[in-house]
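Summary of the model geometry
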Amino acid sequence: MQNKSRRRTILPGFGLSLGYTMMYLGLVVIVPLSMLFFKTSSMGFSAFWEATTAPRALASYRLSFGVAFLSALINAFFGFIVAWVLVRYEFPFKKIINVLIDLPFALPTAVAGIALATLYSPSGWVGQFFDKLDIQSAYSPLGIVIALTFIGLPFVVRTVQPVLESIESEIEEAAASLGANRWQTFRAVLFPVLFPSLLTGFTLAFSRALGEYGSVVFISGNMPFKTEIPPLLIMTKLEQYDYSGAAAIAIVMLLTSLLLLLTINLLNRHVSRRVNDELA
Amino acid sequence: MFKNLGLVAAIVFFGASLSYGQSTILNVTYDPTREFYKDYNKAFQGHWKKTSGQTIQIRQSHGGSGKQGRSIVDGLEADVATLALGYDIDALYDQARLIPQNWQKRLPNNSSPYTSTIVFVVRKGNPKHIRDWDDLVKPGIAVITPNPKTSGGARWNYLAAWGYALKKWKSEAKAKDFVKALYKNVPVLDSGARGSTTSFAERKLGDVLVAWENEAYLMINELGPDKYEIVVPSISILAEPPVTVVDKNVDKHNTRKVSEAYLSYLYSKEGQELAVKHYFRPQDKQIAAKYSAKFRPVKLFKIESLFGGWQKAQKTHFSDNGVFDQIYAK
């Protein structure tokens, strides 16, 4: 096995770097996650089932996957536009705007949640307009979507941007010289190349949104069955010193997310292979 | 390779768990006591210097009461725990055997050197005429109180409402209806007490905030006496935030003596005066008499007499599928 792989690559240091990778992943990802399974091992299957399929838990999964999907979709659309503008056009303060994109990464999520709740509460700057239209923004699922959209913005921009930058203008010129109009060039030439990165950005934003707790609890209102997210349920279980129940819900979230990520990754691979074939 | 890794890990963890120096104790407490213990620590440092000649460093850790209890269970080496409710200290026995089961009998007054109660905060002039618990269930009144499943303080709020209804109608079913009607008027369940205060004060949500008395005073002092006023209901619960020495940790750190002195000084005249300064109700009869004008009289019931203690209250009301879950069930 080792001989084989040694032959396959001409780069030195394979054993060392793979060993380092495995150890790092083990310490940082696998060990903490396996604690989840360890914690639930003390509960029987029926208790596990009961904890993870309670009506309230089901309602929270539905909410969380729904709002995470929606916010990732919004981010995919607008993030794409932002990346496009940042790469394709020159305008004043472009550098500053470019830096602004990363702010949601740097800001503690609780701060984001509090700031957004202040803005969107019925008496807030923005919330009062929603209020006049009889739309509840903060303390409703819409509020959660707003928070998650904020949190997930950088992912799409930062994944699409470098790919867009790497597309050489010759490709577009070639398309134009072959008689494609602008829309055709975008749809048939640029978009297929960008799509894998867009999907990756979408996936990152989506999974980030699924796990988000800090900002959501401040803007959601935490009403059972309405605006209660699974991470909050986990917190309430911990508050009762019900470690295994908390871990059970975490496992459901983890496995579902894993499944979704895998599916999207497979899809991504499929798409990029097709794109590469076409380009070749 | 893996052996080495294990060794490295062991060294790292061992290093992290090395205890603090002997002249330091760690007080793991909850959020609203931040200002109180800051003052108290200074007073105790002086007192301890005088009585024993030693200089003592006191470190404080703050957070939600439940989270703090869990941190101690999980290995935060607190010398003393001063939390919002007995249930969170019970966990130190139940989950990790860090303290004896009868910990609450070791100090006077259920190990609660200061108490508080649950009151209402309304907007200035009391535009919705909220006088007592009954007013909270009226249609059109929005009540702000945190989620009792995530906030220890909110559990006192809930039990106070339940106790009022139970005393009034003498029926569990009626009490449940009352509490259900009350929570129907709650538009937002914040995860902690300070979150609720923010919702009420900054976001201008709700007509009435249900809060601990000391928090209510603190809030009014911070945010302006011209904006809010306190309404004391006819009857409320005696909130007893208890304190204990964490036996396993003080024995390990060799800090039992100073930790016990730290807690018993809370019961002294000086400690009680400081508690009053931060709007906790004192246990000391003389101090209580001295400040009788500061704390409005209110009929108080205890959690033991009405609910049979925290363990039982927690199980009946706040566990999964308990009464609180039932009132929200569809």
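Residues numbered from 1 in each chain as written. Chains lettered and ligands numbered in written order. Predicted model: local features only at pLDDT ≥ 70, side-chain atom pairs only at ≥ 80, totals over all residues. Heavy atoms only, no water.

The next subject is the overall build of chain A. Within chain A, the secondary structure is distributed over 14 helices and zero strands. Taken over the C-alpha atoms alone, chain A extends approximately 65 × 65 × 30 Å along its principal axes. Sorting the 280 residues of chain A into buried and exposed places 42% on the buried side. For chain A, the exposed surface amounts to about 15900 Å²; the carbon and sulfur share of it is 70%. In chain A, 20 positive and 16 negative side-chain charges are present, and the distance between their average locations comes to 8 Å. (Helix = DSSP H or I, 4+ residues; strand = E, 2+ residues; numbered from the N terminus. Buried < 20%, exposed > 50% of the residue type's maximum accessible area, 1.4 Å probe, protein only. Areas by Shrake-Rupley, 256 points an atom, 1.4 Å probe, with all protein chains shown as cover. Lys, Arg positive; Asp, Glu negative; His and termini not counted. Charge placed at Lys NZ, Arg CZ, Asp CG, Glu CD.)

Secondary structure summary: chain B contains 16 helices and eleven strands in total. Its C-alpha atoms give chain B a radius of gyration of 21 Å, within 12% of the compact-globule value 20 Å for 330 residues. A principal-axis box enclosing the C-alpha atoms of chain B has dimensions of 65 × 55 × 35 Å. With 330 residues in all, chain B has 56% of them scored as buried. Look at the contacts in chain B between residues 6 or more apart in sequence, and 75% of them connect residues 24 or more apart. In chain B, the 46 positive side-chain charges and the 32 negative ones have mean positions that sit 1 Å from each other. (Rg over C-alpha atoms; globule rule 2.2 N^0.38 Å. Contact = heavy atoms within 4.5 Å.)

What follows concerns the nonpolar core. If you look at soluble globular proteins, the nonpolar side chains tend to sit buried side by side. Counting 132 residues, the largest nonpolar core has Phe44, Trp133 and Tyr183 of chain B as the members making the most contacts within it. The biggest single contributor to this core is helix H4 (residues 55-88) of chain A, with 13 residues. Counting the residues that make up this core, at least three belong to each of domain 1 (2-112 + 240-290) and domain 2 (115-239 + 298-328) of chain B. Excluding anything up to four places from it in sequence, phenylalanine 44 of chain B contacts Ile56, Ile58, Val258, Ala261, Tyr262 and Tyr265 of chain B. (Core = buried A, V, L, I, M, F, W, Y, C linked by side-chain atoms within 4.5 Å. Domains from an automatic or database assignment.)

All names here are of chain B. Remark: helix H8 (residues 193-201) packs on helix H9 (residues 213-223), axes separated minimally by 12 Å, with the N-to-C direction vectors making an angle of 45°. For the element pair H8 / H9, the angle class is oblique. Note that H8 runs across H9; the crossing there is right-handed. Between H8, through Arg194, Thr197, Phe200 and Ala201, and H9, the contact on the second element is made entirely by Glu215, Leu218, Met219 and Leu223. Partitioned by chemical class, the residues of the contact of H8 with H9 number five nonpolar, one polar and two charged. (Axes fitted to C-alpha atoms, helices over the stretch in contact; angles between N-to-C directions. Parallel < 35°, antiparallel > 145°, perpendicular 65-115°, else oblique. Left-handed = near helix turned anticlockwise from the far one by under 90°. Nonpolar A, V, L, I, M, F, W, Y, C, P; charged D, E, K, R; others polar.)

Another point: the sheet that holds strand S1 (residues 24-29) of chain B. All names here are of chain B. Spatially, S2-S1-S3-S9 is the arrangement adopted by the four strands of the open sheet, whose pairing is mixed. With one partner strand each, in any of the chains shown, strand S2 (57-61) and strand S9 (243-245) form the two edges of the open sheet. Averaged over all pairs of adjacent strands, the angle between their axes in this sheet comes to 20°, without regard to strand direction. In this structure, strand S3 (residues 80-82) lies alongside S9, joined through three bridges in antiparallel fashion. Counted as the bridge partner of alanine 81 is threonine 244 from S9. Here helix H11 (residues 256-264) sits on the sheet and contacts S1, S2, S3 and S9; the angle it forms with S9, its principal contact strand, is near 165°. (Pairing = 2+ DSSP bridges.)

Below, the discussion takes up the domain arrangement of chain B. Reports often express the size of an interface as the amount of accessible area lost when the parts come together. All names here are of chain B. We note that the domain assignment places domain 1 (2-112 + 240-290) and domain 2 (115-239 + 298-328) within chain B. The straight-line distance from the C-alpha centre of domain 1 to that of domain 2 is 28 Å. Summed over both partners, the interface of domain 1 with domain 2 buries about 2000 Å², with 53% contributed by carbon and sulfur atoms. Three residues stand out in domain 1 for area buried against domain 2, namely Glu240, Tyr279 and Arg281, and they jointly supply 40% of the buried area on that side. At the junction of domain 1 and domain 2, the tally comes to two salt bridges. (Buried area = accessible area lost by both parts, 1.4 Å probe. Salt bridge = Lys/Arg side-chain N within 4 Å of Asp/Glu carboxyl O.)

Once that is clear, we can look at the side chain of threonine 149 of chain A. All names here are of chain A. Looking at the element boundaries, threonine 149 is found in helix H9 (residues 141-166). For threonine 149, a relative accessible area of 18% translates into the label buried. Those residues within four positions of threonine 149 in sequence are excluded, and the remaining contacts are Ser71, Ile74 and Asn75.

Per the counting criterion, the structure on display carries 25 salt bridges over all chains. One salt bridge in this structure joins aspartate 325 of chain B and arginine 56 of chain A, with 2.3 Å as the shortest N-O distance. Of the two residues, aspartate 325 of chain B is situated in helix H16 (residues 323-328) and arginine 56 of chain A in helix H4; the pairing between them involves two chains. Between lysine 302 of chain B and glutamate 240 of chain B there is a salt bridge; the shortest N-O distance is 4.0 Å. Here lysine 302 of chain B is found in the loop between strand S11 (299-301) and helix H14 (303-307), whereas its partner glutamate 240 of chain B is found in the loop between strand S8 (235-239) and S9, with 62 residues between them in sequence. In this structure glutamate 240 of chain B comes out as buried when scored by relative accessible area, which is 4%. Among the charged side chains, a network of salt bridges with common partners joins Arg56, Glu228 and Lys237 of chain A together with Lys149, Asp320 and Asp325 of chain B.

Together, Tyr20, Tyr24, Leu25, Leu27, Val28, Val29, Ile30 and Leu33 of chain A line one region of the surface with nonpolar side chains, adding up to about 750 Å² of accessible area. Since its relative accessible area comes to 53%, tyrosine 20 of chain A is described here as exposed. (Patch = residues over 30% accessible without salt bridge, like charges linked within 9 Å, V, L, I, M, F, W, Y side chains within 5 Å.)

It is worth spelling out the interface of chain B and chain A at this point. Listed by partner, the interface residues are 35 residues for chain B and 26 residues for chain A. For the pairing of chain B and chain A, the buried interface totals around 2600 Å² over both sides, and the portion due to carbon and sulfur atoms is 54%. Put simply, chain B and chain A have three salt bridges between them. Where chain B meets chain A, there are 13 residue pairs in polar contact (both at pLDDT 80 or more). Of all the secondary-structure elements, those providing two or more residues to the side of chain B that touches chain A are helix H3 (65-73), helix H4 (86-94), helix H15 (310-318) and H16 of chain B. When the residues that make up the side of chain B that touches chain A are grouped by side-chain class, the tally is 13 nonpolar, ten polar and twelve charged. (Polar contact = N/O pair within 3.5 Å; in protein donor to acceptor, adjacent residues only side chain to side chain.)

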